[in-house]
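Read off the chains here:
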Amino acid sequence: MHRTTARSRMKPSWTSQSTGLRSFAIDQMGRTLSVAGFVLAGLMLTPWPSLAVADKPSSDIAPSSDQVDFESQIAPILAEHCLGCHSPNIKKGELSLATADDIHDLQYVHPGKAGSSRLLEVISSVDGAEPEMPMDGEPLADDSIALIRRWIDQGALWPDTVVVREKSKADDSWWSLQPLQQQFAHNTIDEFIDGPLQASKLKRNAPADRRTLIRRATYDLTGLPPTPDQVRAFVDSDDPLVYEKWIDHLLASPEYGQRWGRHWLDVVRFGESIGFERNVIINELWPFRDYIIRSLNADRPFDQLIREHIAGDVLNDPSIDATESAIGTAFLVSGPYDDVGNQDAAQAAQIRANTLDEIIRATSEAFLGLTVGCARCHDHKFDPIAQDDYYALYATFAGVRHGAVPLATPEDRLRRETLLEPLQTSKAKIQQQISQIDAAVMKRANANLAQYQKAWPRPAVDRRGTEETFDPIVASHVRLVCKAQDNHPSSKSGFRIDEFEVWSSGDESESVNVALASNGATASGAARQIQDFADAYGPQLTIDGKTGARFIAAESTLTIHLAQPTEINRVFFSSGRGEADPNSGVFTFVAEYDIEVSSDAEQWIKVATGDDRQPIQRDSVLNRRLSRLAITDDERQQKSRLESEMRDVNRRISAVPATSMVYIGRRVADDAKGPFHLFIGGSPQRKGDAVVPSSLSSLRGRASDYQLSADADEATRRRSLADWLVDDSNPLTPRVLANRIWHFHFGTGIVDTPNDFGYMGGRPTHPELLDFLATQLQQDGWRIKPMHRRIMLSKTYRQSSDFDEQAARSDADARLLWRFPPRRLSAEEIRDTLLQVAGQLDTTSGGPGFRLYQFLQDNVCTYLPLDQHGPETYRRAVYHQNARASVVDLMTEFDQPDCTFSAPRRSSTTTPLQALTLLNHSFTMDMAASMAARIRDTAGPDHEPQIHAAYQRCYARAPQADELAACRSLLSDSDLTTLCRVLLNTSELIDVR
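Calculation criteria
Residues numbered from 1 in each chain as written. Predicted model: local features only at pLDDT ≥ 70, side-chain atom pairs only at ≥ 80, totals over all residues. Heavy atoms only, no water. Helix = DSSP H or I, 4+ residues; strand = E, 2+ residues; numbered from the N terminus. Buried < 20%, exposed > 50% of the residue type's maximum accessible area, 1.4 Å probe, protein only. Contact = heavy atoms within 4.5 Å. Areas by Shrake-Rupley, 256 points an atom, 1.4 Å probe, with all protein chains shown as cover. Lys, Arg positive; Asp, Glu negative; His and termini not counted. Charge placed at Lys NZ, Arg CZ, Asp CG, Glu CD. Core = buried A, V, L, I, M, F, W, Y, C linked by side-chain atoms within 4.5 Å. Salt bridge = Lys/Arg side-chain N within 4 Å of Asp/Glu carboxyl O. Phe/Tyr/Trp six-rings, centres within 6.5 Å; stacked < 30°, edge-to-face > 60°. Lys NZ or Arg CZ within 6 Å of the ring centre and 35° of its normal. UniProt positions renumbered as here; feature names shortened; annotations may be inferred. Arc of directions from axis to C-beta. Pairing = 2+ DSSP bridges. Axes fitted to C-alpha atoms, helices over the stretch in contact; angles between N-to-C directions. Parallel < 35°, antiparallel > 145°, perpendicular 65-115°, else oblique. Left-handed = near helix turned anticlockwise from the far one by under 90°. Nonpolar A, V, L, I, M, F, W, Y, C, P; charged D, E, K, R; others polar. Domains from an automatic or database assignment.

K.L.:
Describe in detail the overall build of the protein chain, supporting the description with residues and values.
P.N.:
Secondary structure assignment for the protein chain yields 32 helices and 21 strands. In terms of its C-alpha atoms, the protein chain occupies a principal-axis envelope of roughly 105 × 100 × 60 Å. Taken across its 993 residues, the protein chain has 53% of its residues classed as buried. Put simply, of all contacts in the protein chain between residues at least 6 apart along the chain, 74% involve residues at least 24 apart. When the accessible surface of the protein chain is split by element, carbon and sulfur atoms take 50% of a total near 43,600 Å². In the protein chain, the 108 positive side-chain charges and the 136 negative ones have mean positions that sit 3 Å from each other.

K.L.:
So, the environment of S695: which residues are in play, and what are the values?
P.N.:
In this fold, S695 is placed in the loop between β17 (687–691) and α20 (714–725). What makes S695 buried here is its relative accessible area of 2%. With residues up to four places along the chain from it excluded, the contact list for S695 reads D389, R700, D705, Y706 and W724.

K.L.:
Break down the side chain of T355 for me, with residues and values.
P.N.:
By the secondary structure assignment, T355 is in helix α13 (residues 345–368). Take T355: its relative accessible area is 8%, and that puts it in the buried class. Not counting residues within four places of it along the chain, the set of residues in contact with T355 comprises Y337 and H402.

K.L.:
Quick rundown of the nonpolar core? Include the residues and the values.
P.N.:
Formed by 173 residues in total, the largest nonpolar core has its most connected members in F288, I310 and W742. F288 has contacts with L265, V268, F270, H309, I327, G328, A330, F331 and S334, leaving out every residue within four places of it along the chain. Judged by nonpolar contacts, the second largest core, of 32 residues, contains A475, I560, A591 and I616.

K.L.:
Got a sec to walk through the pattern of salt bridges? Specific residues and values, please.
P.N.:
Scanning the entire structure with this criterion turns up 57 salt bridges. As a salt-bridge pair, R464 and D462 come within 3.5 Å of each other at their nearest N and O atoms. By relative accessible area, which is 29% here, D462 ends up partly exposed. Put simply, R262, D266, E828 and R906 are held in one network by salt bridges that share partners.

K.L.:
So what's going on with the side chain of Q778? Which residues, and what values?
P.N.:
Inspection of the secondary structure puts Q778 in helix α22 (residues 767–779). Exposure remark for Q778: the relative accessible area of 18% places this residue in the buried category. Sequence-distant contacts of Q778, defined by excluding residues within four places in its chain, comprise L180, D728 and P734.

K.L.:
Report on the packing of aromatic side chains, specifying residues and quantitative values.
P.N.:
A complete count under the given rule lists 32 aromatic pairs for this structure. Look at F331 and F367: their rings are 5.2 Å apart centre to centre, the planes differ by 55°, and that puts the pair in the tilted class. Taken together, the residues span a long stretch of sequence, with F331 in the loop between α12 (322–327) and α13 and F367 in helix α13 at a distance of 36 residues. Of the residues examined, F367 reaches a relative accessible area of 2% and is grouped as buried. Relative to F679, the ring of Y391 lies with its centre 5.1 Å away and its plane at 65°, an arrangement referred to as edge-to-face. Of this pair, Y391 sits in helix α14 (residues 387–397) while F679 sits in strand β16 (residues 676–679), placing them 288 residues apart in sequence. Judged by relative accessible area, Y391 falls into the buried class, the value being 1%. The side chain of R269 reaches across the aromatic face of F331, ending 5.0 Å from its centre. Here the basic side chain of R875 rests over the ring of Y879, its NZ or CZ set 4.6 Å away from the ring centre.

K.L.:
Kindly report on the UniProt feature "domain: DUF1549" (unreviewed entry) in the protein chain, identifying the contributing residues and their values.
P.N.:
Under the UniProt annotation, "domain: DUF1549" (unreviewed entry) lies at residues 189–401. Across residues 189–401, the secondary structure splits into 56% helix and 1% strand, with the terminal C-alpha atoms separated by 44 Å.

K.L.:
Hey, could you go over helix α5 (residues 189–199) for me, with residue numbers and the actual values?
P.N.:
For α5, the complete set of buried residues consists of I189, D190, F192, I193 and L197. Take α5 and look down its axis: the buried residues cluster within an arc of 160°, on one side only. In α5, the exposed residues that point more than 90 degrees away from the buried face are Q198 and A199. Residues of α5 that are buried sit in contact with α21 (732–746), α22, α23 (785–792) and α24 (795–798). Of the residues flanking the end of α5, it is K201, one or two places downstream, whose phi is positive at about 60°.

K.L.:
Explain the pairing of strand β12 (residues 590–598) to me, and be specific about the residues and the numbers.
P.N.:
Regular strands place side chains that alternate from one sheet face to the opposite one. Burial analysis of β12 places nine of its nine residues in the buried class, which makes it a mostly covered element. Sheet analysis places strand β6 (residues 466–485) next to β12, joined by eight bridges and oriented antiparallel. From the neighbouring strand, V481 faces β12, where its bridge partner is D594. In terms of strand pairing, β12 meets strand β13 (residues 605–609) through four bridges, oriented antiparallel. Residue pairing in the sheet places D594 in a bridge with T609 of β13. Connecting the antiparallel pair β12 and β13 is a turn made up of six residues, with A601 showing a positive phi of about 65°.

K.L.:
Describe the packing of helix α1 (residues 70–81) against helix α4 (residues 142–153), listing the residues and the values that go with them.
P.N.:
Helix-helix packing: each pair is described by the crossing angle between the helix axes and the interaxial distance. Closest axis-to-axis distance for the α1/α4 pair is 10 Å, and the angle between their directions is 125°. Classed by the angle they form, the pair α1 and α4 counts as oblique. Regarding α1 and α4, the two cross each other, and that crossing is left-handed. Counting all contacts with α1, which are made through F70, Q73, I74 and I77, the residues of α4 involved are S144, L147, I148 and W151.

K.L.:
Run through the packing of helix α28 (residues 922–939) against helix α29 (residues 943–955), naming residues and quoting values.
P.N.:
Packing of α28 against α29 brings their axes to within 9 Å, and their N-to-C directions diverge by 125°. Put simply, α28 runs oblique to α29. As α28 runs across α29, the sense of the crossing is right-handed. Contact residues: α28 offers M931, R934, I935, R936 and A939, while α29 offers P945, Q946, A949, A950, R953 and C954. Grouping the constituent residues of the contact of α28 with α29 by class yields seven nonpolar, one polar and three charged.

K.L.:
Can you explain the domain arrangement of the protein chain? Please cite residues and give values.
P.N.:
Domain parsing of the protein chain yields domain 1 (74–154), domain 2 (189–255 + 734–810), domain 3 (301–406 + 666–726), domain 4 (457–614) and domain 5 (922–992). On a C-alpha basis, the centres of domain 4 and domain 5 stand 65 Å from each other.

Rendered as C-alpha cells:
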C-alpha cells in the first residue's frame, strides 16, 4: 500500500461525559468519550476469515494489578485515531468503533488472544512496513499498540455503558446556546455602545444633519427617498419631536412592509421558480410575499409568523385567520426543488432526501442561526449538533411535498360549492346517459368481434416503420391524416413522425424517395412550438433523411409537397425508427390514419388507410374502433346531442370562479409514516438507529424540550417544532431575530454571520446588547416596530457617517459604531429610486408579480432579460417575479442575490458593468426622458429653473455654485434629458450616509 511519509495532524483531547459534555451521549444512561477537532485516521477493515466467531468477554474476568482500563486508556486511542472514519454515522468498512458490537460481530477482536485479532494486525507494522491503519493519519505509537495488545489479552473488556464519540469544536457551553441574560447594567442602546468605544479610546461622531438623517431613515424603513417637500419640511421644522414623529410616520406607511418584507424574503430564500435543471416558474407563490408584507405592516407578533411558517396550516387557532395562517407555510416550499422524476428507487430516495435537507437547512438557519444541515452525514464537526438532531427534523418535515393546493376561506368554499352542486348533478346525469349508450354499443360490438376481426387482415402499425402500398398514381402532394393517435386515441394530434418517405413507381432499383428535402420536396403541418427554438419540432424534420429528431403534430395532418408531379405507389413512415424499445411516449404514433394524394392541394384522393390493420395492443384503441363500427345512426345522434349538452355544462362550470391555488405544499400522510432512521453517511440506502421528532439535544435542560413518539401525526410534529422555536426559554430564536434587525439597520449585525451563531460564525461585538435587544423583543410581544423605534432614536443611529482616519486605524469597519456605516442602495432601491425621481413609480401593491425577462418553456425553462422595460414593469421591485438562476439587467449587476439560497447579507460590489449598465440601459434612458419631461412641465424652458428642479428631484437640495456652472455648460451643448441621465448616474443618488 502506498502511503505518504510527510504527516501532520491535530492532537485532539479526550474527555468523558462526567466532565460536562452531556449533549453527545447516545445512551443517556452511559458515558460519552469524545475527541476534539478533525479526525484524519480510519480503519478500513475487513473480517479475517481465518478467525472463528469469538465470544464476547465475560464480565467475571478479574482485573489484575496492571489491568487495562478501557475508558481511561483504550477509548482515547480509538477516539483519536479511528473514530473519524468508524463512527456510527460513517461506518467505513461497515465498522463502528463507538461500541464493542462491531468488533466482536465482525470478528476483529478475539478476546484473550491478541495475536489472533485482526484489529491488532492492521495497526501493527510488519517487517518495518507501515501498518495498514490508520489509513490517513499517523501510525499508532508503540506504547499505544502495546496497550491495545494487553487489553485484548486481558479479555477486551468494553463496558456496555461507554460510548466513544467525536467532540465538536464547540460544546453546549457555547455562548449562543446559553439562556438570555435578564439583568443588565444599562437600559439604553447608547450605554451598551459607549463602553467598548471608551475601552478602545474612541468616541461617537456628532449627530448627522437633518437632511442626511431624513434620507437615511426614509430609505432604511421604506426603501424610497423622501420627497423634496418632505425634506424641506423636516429640515425647517422647529418641533423638537419632528424626528420621532417622522419615524412613526414611516413605520405606519405601506412602503415599510414592502422594504422590510424584501429583507425577510431574502432570509427565507423566496424564489418563484423551482431551480435545478428544469427551473419551472411558480405562479402561485406570490400570496406568501403579500402575506409577509401585510404581516409586517400590521406589526403582527413575529413569533406568530414563525409558528405560521412552520405549521400555519395546522395551528387550529380560532383567534387567527386560518387561510392567512396557512399561507405562511409556503416558507417550507419556497426553496429550490428538483422535480425531475427518476425511475431508479435509490436515486428517487436521494432526491427526496435532498429536498428535505433543503427545508431543514432553511429552517435551522433562518430561525436558530445554526447550520444543522452539516449534521446530515455525521455529527457536526464544529457545533454541538448530533446527527440525531438532523434526522429528528427530517422526521418532522417528512410529510411535506412541494406544489400548489386550493386555498379558500370557508365562506368562499361554501359559495363555490353552492354554485357547482346543480351543475355537477346535471353533468353526472348526462355522463350516465352517455355511458349507457357506450355500454350498449360495446356489448353489441364484442358480440360481433370475430366478424370485425376478419376485416383486419394486416398487422398493426409499428412505430419503427409502417408501410402502405397502392396503385401507381401521379401526385404533387401527399398527406398523412391522423384519425387517432396511439397513446390517446380520442386525440388526432400529438403524434410524432421522424421520417415520412414517398417512393416513385418503378423497379426497386429505380425507385426514389421523392419526399426528401434534398430532392426538392417540402413539408408542412402545424407543429408544437417553443419560443426559444423555432421549428424545433417542425415538419421539416420528416424529410431530412435523419431519424434523431421528430415532428410533433399540433393538428391532425402532415403534408409533403413534391418538387414536381410524380407517379408514386408507396409510402413508409415511422416515429421510432431504429429504436430497440420504441414504447416511450417520445415515440407517440398514429393508431388510425388515411393516406391522401392531390395534384393541387385542394382536391384529395384517399389511396390507403389503416382501417384494415389490426388495432395495437391497447384496450382504448380497440374500444374506440369497435365503438365506431358498432354504433347505430340513432345512437350516434343521441350521443352527439348529449355531448353538446355536456359541453354546455362544462362551460358553465368553468365560469364559476375557481378556488385560488397557492404554493404552500402538500401534506402526504404516507410520507410521514415512520419509523425514521439516521442515514449512515447521509445515504438513504444505509439506515442507522431509529429517530423520533424532538427538540435539539444541545438545548435540552435549558429550553422547553419535547420528544414525540414515532407514531405522532404529521401536524403534531410541525406544531411542536413551531412552539419550541418561539418558546420563551429558547434563547436562539430571539437572539437571531434581534441580530437580523440590527444588521439591516447598520449593515452588519452584532454577530456578522446572521445565519450562523455557531463555531464557524462570527462572535458578538456587543453580547450584552444583543441579549438586551432579544429580551426587549420578547417583552414587546415579538413586535418589531418598537425595536425599529428603539434603534433609530438612539444617538448611535443618529450620528454622522463622517470618516475619522485615527478612529479607522483601530476599527476600520466601524464595528464598534464610532460612526454610522454608510452604504450603497440595494439593487431594488436603485431601481425604485429611478422610477420615483422620474415620476413613473407605480405604487400598486400585491398580486402576481411583473417580469423583467421573457419566460420560455419547453422541457426546461429559459429566462431572457428584456431589453425594454415597459410601464407594466414600473412597480416596486419587491413585486418582481424573481426566478432562480435568472439574470435581470440592472438588478443583477447591483448584487441582487440569486434566491437559490438564503441571503442573510447583501453583497455590495463595485464593477465596471454597473456603471455601463446604469448609464446605457434603455431603462435609464427612459427614466431620464420622463424626468426631463416632468421638469419642463413644472420649471419651464429656462435652464436655471430646470437645473434647480433636477437637483431637488434627485438630492432634495439646491445645486452648489460649481455644480450649477457645470450643468449650464452641459445644457449649452446638450439637452435636459442628458443632464437627467447624468444625475441618475451619480453616487450621491445611490448612496446613503
